[in-house]
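The chain contents come next:
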Amino acid sequence: MMRRHAMENFEKDLRMVQDLEVKLGITKRWVPEDEEWQTAGRLVTNRKYQRCLDQLESLIVARIFELSKMNQAGTGYKLRKHIAKALKARSAAIRTALDRFNAAARACSPPRRQLTFEEVVEYTFLADFDLLHN
């Protein structure tokens, strides 16, 4: 049942693609050997890298704000405990984002610089991330 449904969806989508190709006047589809295909692939890879970098950067910024709030005068014990718990969860999220970032960095051509968790948690200024932007 599921297979038939999937085949029907595939055939419907294929008809839609073919109709669009006719409307746009596309006579030749790209293949992996085409320059356009390779250029589009590089653009997609760079976009993935940039999105991973942006996500990692936002997590680090949130961590910096939490650390500064934790060290502020007037922050009570309960709030400090709550922030410490949030920092622990944020560290796990940073590790996951870092793994994704490093995978995206390896996929770039040429491969981009990879980071370690120790390097990332030592970033205290947003200017440190400017080194990674191209």
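See above for the structure.
Residues numbered from 1 in each chain as written. Predicted model: local features only at pLDDT ≥ 70, side-chain atom pairs only at ≥ 80, totals over all residues. Heavy atoms only, no water.

Novice: Which parts of the structure should I look at to understand the overall build of the protein?
Specialist: Helix and strand counts for the protein stand at 4 helices and 0 strands. Counting from the amino terminus, the protein carries its helices and strands in the arrangement α-α-α-α. Expressed as a percentage of its 134 residues, the buried residues of the protein come to 22%. Intrachain contacts of the protein at a sequence separation of at least 6 include 53% that bridge at least 24 residues. Summed over its atoms, the accessible surface of the protein is roughly 10200 Å², and 59% of this surface lies on carbon and sulfur atoms. (Helix = DSSP H or I, 4+ residues; strand = E, 2+ residues; numbered from the N terminus. Buried < 20%, exposed > 50% of the residue type's maximum accessible area, 1.4 Å probe, protein only. Contact = heavy atoms within 4.5 Å. Areas by Shrake-Rupley, 256 points an atom, 1.4 Å probe, with all protein chains shown as cover.)

Novice: Mind showing me how you'd approach the packing of aromatic side chains here?
Specialist: For any two aromatic rings, the description comes down to two numbers: the centre-to-centre distance and the angle of the planes. Tallied over the full model, the rule gives 1 aromatic pair. Pairing Tyr49 with Phe101 gives two aromatic rings, centres 5.2 Å apart and planes at 40 degrees, and the pair type is tilted. In this pair, Tyr49 sits in helix 2 (residues 35–70) while Phe101 sits in helix 3 (residues 77–107), placing the two residues 52 residues apart along the sequence. Here Tyr49 and Phe101 have matching classes, each one buried. Arg95 extends its terminal NZ or CZ atom over the ring of Phe117, reaching a point 3.8 Å from the ring centre. Seen from the ring of Tyr49, Arg112 lies directly overhead, with NZ or CZ sitting 4.5 Å from the centre. (Phe/Tyr/Trp six-rings, centres within 6.5 Å; stacked < 30°, edge-to-face > 60°. Lys NZ or Arg CZ within 6 Å of the ring centre and 35° of its normal.)

Novice: Is there a simple way to explain helix 1 (residues 2–24) in this structure?
Specialist: Each α-helix turn comprises 3.6 residues. Residues three or four places apart therefore point the same way. With 23 residues, helix 1 ought to run about 33 Å at 1.5 Å a step, and its terminal C-alpha atoms sit 33 Å apart, in line with that. Positioned one or two residues after helix 1, Gly25 has a phi angle of 75 degrees, which is positive. (Expected span 1.5 Å × (residues − 1).)

Novice: Explanation requested: the pattern of salt bridges in the structure shown.
Specialist: Between side chains of opposite charge, a pair can form when the charged atoms approach closely. Inspection of the entire model under this criterion finds 5 salt bridges. The residue Arg29 makes a salt bridge to Glu21 at a minimum N-O spacing of 2.7 Å. Classification of Arg29 by relative accessible area gives partly exposed; the value is 47%. With a closest N to O distance of 3.5 Å, Lys28 and Asp34 form a salt bridge. (Salt bridge = Lys/Arg side-chain N within 4 Å of Asp/Glu carboxyl O.)

Novice: Any chance you could explain helix 3 here in plain terms?
Specialist: In a regular helix each residue adds 1.5 Å, so 31 residues correspond to 45 Å; helix 3 covers 45 Å between its end C-alpha atoms and thus fits that length. Along helix 3, the residues classified as buried are Ile83, Leu87, Ser91, Ile94, Ala97, Leu98, Phe101, Asn102, Ala104 and Ala105.

Novice: Got a minute to help me understand the state of the cysteines in this structure?
Specialist: Disulfide: a covalent bond formed between the sulfur atoms of two cysteine residues. Enumeration according to the criterion identifies 0 disulfides in this entry. The thiol of Cys52 is not disulfide-bonded; the next cysteine sulfur, from Cys108, is found 9.2 Å away. (Disulfide = S-S within 2.5 Å.)

Novice: Could you clarify how one ought to interpret unusual backbone geometry in this entry?
Specialist: In terms of backbone geometry, most residues other than glycine have negative phi values and most peptide bonds are trans. In this structure, the amide linkage connecting Ser109 to the following residue, Pro110, adopts the cis form with an omega of -5 degrees. Relative to the assigned elements, Pro110 resides in the loop between helix 3 and helix 4 (117–122).

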